[in-house]
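Chain residues, written in single-letter form:
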Amino acid sequence: MTPRRKCQRLEDGDEGDGVDRLSDLSDDVLLDIIDRLCSVHAAARTSILSRRWRGLWTGLSEVVLDVDPCKAESVLTQLALPMLKCLDIYLNRWMTPRQLSAILCVAARLAPEKRFAISTAHRVVGDDTIQLPCFYNTTALELDMVGAPFTLPQSGEFTALRDLSLTWCRIDPAALLAMCPSLRVLEINDCCALTAVTVHSSSLEKLSLCGTQWEISSIDIAAPELKELKLDVEMTDEFSASILVPMLQKLDWDCSFPDHNVGVGELWRLRSICERKIYGYHVVSMYIYCDSAV
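Residues numbered from 1 in each chain as written. Predicted model: local features only at pLDDT ≥ 70, side-chain atom pairs only at ≥ 80, totals over all residues. Heavy atoms only, no water.

1. Here we look at the environment of R162
Step number 1: Relative to the helices and strands, R162 is located in the loop between strand 6 (150-151) and strand 7 (163-167).
Step number 2: For R162, the contacting residues outside a window of four places in its chain are T139, S182, L183, R184 and V185. (Helix = DSSP H or I, 4+ residues; strand = E, 2+ residues; numbered from the N terminus. Contact = heavy atoms within 4.5 Å.)

2. Section: helix 3 (residues 69-76)
Step number 1: Listed as buried for helix 3 are P69, A72, V75 and L76. In an axial view of helix 3, the angular spread of the buried residues amounts to 100 degrees, which keeps them on one side of the axis.
Step number 2: In this structure, the buried side of helix 3 is in contact with strand 1 (62-67), strand 2 (86-91) and helix 4 (97-110).
Step number 3: Where helix 3 begins, one side-chain oxygen reaches toward the backbone nitrogen of C70, 2.8 Å away; that side chain belongs to D68. (Buried < 20%, exposed > 50% of the residue type's maximum accessible area, 1.4 Å probe, protein only. Arc of directions from axis to C-beta. Polar contact = N/O pair within 3.5 Å; in protein donor to acceptor, adjacent residues only side chain to side chain.)

3. Focus on the pattern of salt bridges
Step number 1: A complete count under the given rule lists 7 salt bridges for this structure.
Step number 2: For D68, the salt bridge is made with R93, and the minimal N-O distance between the two is 3.8 Å. Linking D68 in the loop between strand 1 and helix 3 with R93 in the loop between strand 2 and helix 4, this pair joins segments that are 25 residues apart in sequence.
Step number 3: According to the relative accessible area criterion, D68 is partly exposed, its value standing at 21%.
Step number 4: Overall, the relative accessible area of 29% leaves R93 in the partly exposed class.
Step number 5: Residue E142 pairs with R115 through a salt bridge whose shortest N-O separation is 3.3 Å. Of the two residues, E142 sits in strand 5 (residues 140-147) while R115 sits in strand 3 (residues 115-124), which places them 27 residues apart along the sequence.
Step number 6: Taking the relative accessible area as the measure of exposure, R115 reaches 25% and is therefore partly exposed.
Step number 7: Salt bridges linked by common partners bring D88, R115 and E142 together as one network. (Salt bridge = Lys/Arg side-chain N within 4 Å of Asp/Glu carboxyl O.)

4. Observations regarding helix 1 (residues 27-35)
Step number 1: Looking at helix 1, one finds that the buried residues are L30, L31 and I34. Buried residues of helix 1, seen end-on, are gathered within an arc of 100 degrees and therefore sit on one face of the element.

So, in structure tokens, the structure goes:
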């Protein structure tokens with residue numbers, strides 16, 4: 001058997017001087033290293049490296065959390081206030097409205113400057129309402145959850161808000177919009193029980209209303225600065241619309257009807273009306289089909 005070669009010993013001075021040079025780096029550099037872990041849980045575990053690293057993760061400027069709602073509030077309270085720019089929370093199990101209200105309250109106090117997003121694939125279970133606080137300094141807000149209805153703040157405004165996205169929320173967009181004086185972009189996606197849509201805004205420039213889970217009975221839009229409008233919804237037989245958008249430049253209209261009868265008798269049915277821009281021309285098309293079963 002060939003004898004195993006012994007490892008070559010380090011020459012004098014090659015074994016290092018025992019100095020933790022990584023921990024001697026500035027906080028900004030260390031935070032940049034931690035930020036590249038792309039996980040707040042991994043970032044928190046760096047605290048075991050040395051005293052120098054302990055608690056450093058709480059100064060991250062961008063935080064993404066995949067967390068149990070029962071633990072979310074305690075994690076958020078550890079974050080440093082001045083540094084936070086973006087906060088993205090995914091709640092990985094069902095929760096009560098009271099739990100969610102507490103999480104939103106802490107998040108609002110953190111005041112993420114650029115973006116706050118909260119979402120879940122689980123229901124908010126309970127009879128209480130969800131208390132939505134004011135995010136005074138946040139420029140982008142995303143709410144994505146199913147369950148209890150939201151209650152808006154009694155006072156204050158979302159002063160800095162420019163982008164707002166609402167998905168599956170039980171919330172009154174018109175009332176919320178009145179508290180957003182600087183809003184530029186509004187996205188409404190399958191908001192629960194939303195059958196009449198009212199959007200009045202002097203600052204809004206882009207509006208997207210999409211949803212096939214609820215039939216819309218009326219749309220009322222008055223937005224003098226609106227440049228882009230997308231409508232992709234199902235409409236009731238009694239649908240009505242009032243749209244005042246003098247600055248509109250781009251329209252994407254794709255609205256369907258619940259098999260509305262057209263023509264003679266019960267044979268022909270209108271399924272959808274679409275508007276598209278093709279080779280510089282606005283083209284309106286209707287999808288009408290023959291119901292052979294009638």
